[in-house]
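So you can see what is in the structure, the chains are spelled out below.
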Amino acid sequence: EKGDFPHHMLKEIYEQPETLANAMRGRLEADNATAHFGGLNLGAQQLRQIDRVVMTACGTSYHAALVGEYLFEELARVPVEVEYASELRYRNPPMDRNTVVLALTQSGETADTLAALRESKRMGHTTLAICNAVGSSIAREADGGVYLHAGPEIGVASTKAFTSQVAVLAMLALYLGRTRHLSSTQGQRIIAELQALPDVIRKTLECHDQVKLVAQKYAGAKNVLYLGRQYLYPVALEGALKLKEISYIHAEGYPAAEMKHGPIALVDENTPSVFLVPRGNVFDKVMSNMQEIKARGGPVIAIASAGDHEVSAVADDVIEIPDVPEYLQPIVTAIPLQLLAYEIALLCGCDVDKPRNLAKSVTVE
Ligand code: F6R
């Protein structure tokens, strides 16, 4: 069932143009310049009353939630708090009546996420879930939800679920935003940008050859840093997690500007930094963070807009991706990081589909 692919993980990475199209199918409404979801079970009034969202998840799904925080803030102007499910379940945070708890989970069976959802429900909050596995415990127990429709994810390292979670969060942000301040012109622009995404991802996958060269150069590293800002900070966390879990190389994700507050002490000629630096609002800021690393002799791998000479003049290696609006950059930049982890793990001789010590679905606390 892996088809022509040697591993489930690689197959699932390459499925992303289709899985993203599936996440959006039938959900974008050009006429009203909004999105809609069959199973949300929230009326327009309830939706309008939401004044805070608490997102909860584990692992990769938690990183998607962190992207969701930026999306909801920018597109819907709704305050968001993101909390690890394992922490939320034992916290007792004050939440008012109009707070909605949104659980994100690929499997729908993660024990901590399920417990956090149940505890929120018990307290009388409306609970929603963004879930991939149809009919799973979390999908059944939430008051409403959105399925990813990404198909089974078999590789233990989550890939296509992450990009679909972010796409669903962007659609939810559009939906919420359109009940608030977003104009229909803005809504229509977002719809067009979302609809273009599957083709953009097809193009992004062409970076695979560049990724292979980079992997060969750095597969011997003992430590790797992943750095990004704003929308790309959670992607830095996710890139580091992918590398750790399948290649067993130590990696850390940081907001690029935090480096100077301590972690830059780790930088030396054997510690590469992967910079997420496509064109956008914070481009100049990230470039100066990159210079700081170069000045300490650290090798720099840049994930950058195609043909960006300013980046290639500084970085040791560049992996090129297509330009998209900033709120979609998490989806596009995740692709080379998934491929990089995959290629490095292969070179290290690791079993990418079944990394040691890990299970696909963590049903114990
Ligand atoms: C990372 C990974 C895990 C899961 C986490 C949550 O690649 O697969 O970190 O993301 O265990 O799983 P779900 O999304 O099924 O709740």
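Scroll up for the structure.
A brief structural summary. Since this is a predicted model, take the numbers as computed values, not measurements.

What counts as what
Residues numbered from 1 in each chain as written. Predicted model: local features only at pLDDT ≥ 70, side-chain atom pairs only at ≥ 80, totals over all residues. Heavy atoms only, no water. Salt bridge = Lys/Arg side-chain N within 4 Å of Asp/Glu carboxyl O. Near = heavy atom within 4 Å. Polar contact = N/O pair within 3.5 Å; in protein donor to acceptor, adjacent residues only side chain to side chain. Areas by Shrake-Rupley, 256 points an atom, 1.4 Å probe, with all protein chains shown as cover. Phe/Tyr/Trp six-rings, centres within 6.5 Å; stacked < 30°, edge-to-face > 60°. Helix = DSSP H or I, 4+ residues; strand = E, 2+ residues; numbered from the N terminus. Buried < 20%, exposed > 50% of the residue type's maximum accessible area, 1.4 Å probe, protein only. Lys NZ or Arg CZ within 6 Å of the ring centre and 35° of its normal. Pairing = 2+ DSSP bridges. Axes fitted to C-alpha atoms, helices over the stretch in contact; angles between N-to-C directions. Contact = heavy atoms within 4.5 Å.

Below, the discussion takes up the pattern of salt bridges. Here the structure, examined in full by the defined rule, presents 20 salt bridges. Here Glu 206 makes a salt bridge to Lys 203, at a shortest N to O gap of 3.0 Å. Taken together, the shared-partner salt bridges connect Arg 52, Glu 81, Glu 83 and Arg 91 into one network.

Near the ligand there are 14 residues, and of these Ser 61, Thr 105, Gln 106, Thr 110 and Glu 245 occur at the shortest range. A distance of 3.0 Å separates an oxygen atom of the ligand from a polar backbone atom of Thr 60. Here an oxygen atom of the ligand sits 3.1 Å away from a polar atom, N or O, in the main chain of Val 156. Considering the ligand on its own, with 410 Å² of exposed area, one finds that the protein chains cover 90% of that surface.

The full count for this structure, using the stated rule, is 4 aromatic pairs. Ring centres 5.8 Å apart and planes at 65° place the aromatic pair Phe 37 and Tyr 175 in the edge-to-face group. Of the two residues, Phe 37 sits in the loop between β2 (34-35) and α3 (44-49) while Tyr 175 sits in helix α8 (residues 160-178), which places them 138 residues apart along the sequence. Neither residue differs from the other here; Phe 37 and Tyr 175 are each classed as buried. Measuring from centroid to centroid gives 5.6 Å for Tyr 70 and Tyr 231, while their planes differ by 45°, and the two rings are tilted. Taken together, the residues span a long stretch of sequence, with Tyr 70 in helix α4 (residues 59-76) and Tyr 231 in the loop between β8 (223-228) and α11 (233-247) at a distance of 161 residues. Cation over ring: Arg 279 sits above Phe 283, and NZ or CZ is 3.7 Å from the ring centre. Here the guanidinium or amino end of Arg 356 rests over the ring plane of Tyr 248, the centre of that ring lying 3.8 Å away.

Time to look at the sheet that holds strand β11 (residues 300-305). With respect to topology, 5 strands assemble into an open sheet ordered β9-β8-β10-β11-β12, the strand pairing being parallel. What marks the edges here is a single partner per strand, and that holds for β9 (250-255) and β12 (317-321). The mean angle between the axes of side-by-side strands here comes to 20°, regardless of whether they run parallel or antiparallel. Pairing geometry for strand β10 (residues 273-276) and β11, over 4 bridges, is parallel. Paired with Val 274 across the bridge in β11 is Ile 301. In the packing of α11 onto the sheet, the strands contacted are β8, β9 and β10, and the crossing angle to β9 comes to about 175°.

Inspection of the secondary structure assignment puts Leu 148 in the loop between β7 (144-147) and α8. Its relative accessible area of 0% is what places Leu 148 among the buried residues. Through-space distance from the C-alpha of Leu 148 to that of Thr 19 is 8.1 Å; in sequence the pair is 129 residues apart. When residues no more than four places from it in sequence are discounted, the contact partners of Leu 148 are Thr 19, Asn 22, Ala 23, Ile 130, Cys 131, Asn 132, Ala 161, Ser 164, Gln 165 and Val 168.

Bringing the sheet that holds strand β3 (residues 52-57) into the picture now. Overall, parallel pairing links the 5 strands, which are arranged β4-β3-β5-β6-β7 in an open sheet. Two strands lie at the open edges of the sheet, namely β4 (80-84) and β7, each paired on one side alone. Ignoring which end each strand starts from, the neighbouring axes of this sheet average 20° apart. Inspection of the sheet shows β3 paired to β4 by 5 bridges, in the parallel sense. Opposite Thr 56, over in β4, you have Glu 83 as the bridge partner. Contacting β3, β4 and β5 (99-105), α4 crosses the sheet at an angle of about 170° to β4. Along the sheet, α8 makes contact with β3, β5, β6 (126-131) and β7, crossing β5 at roughly 155°.

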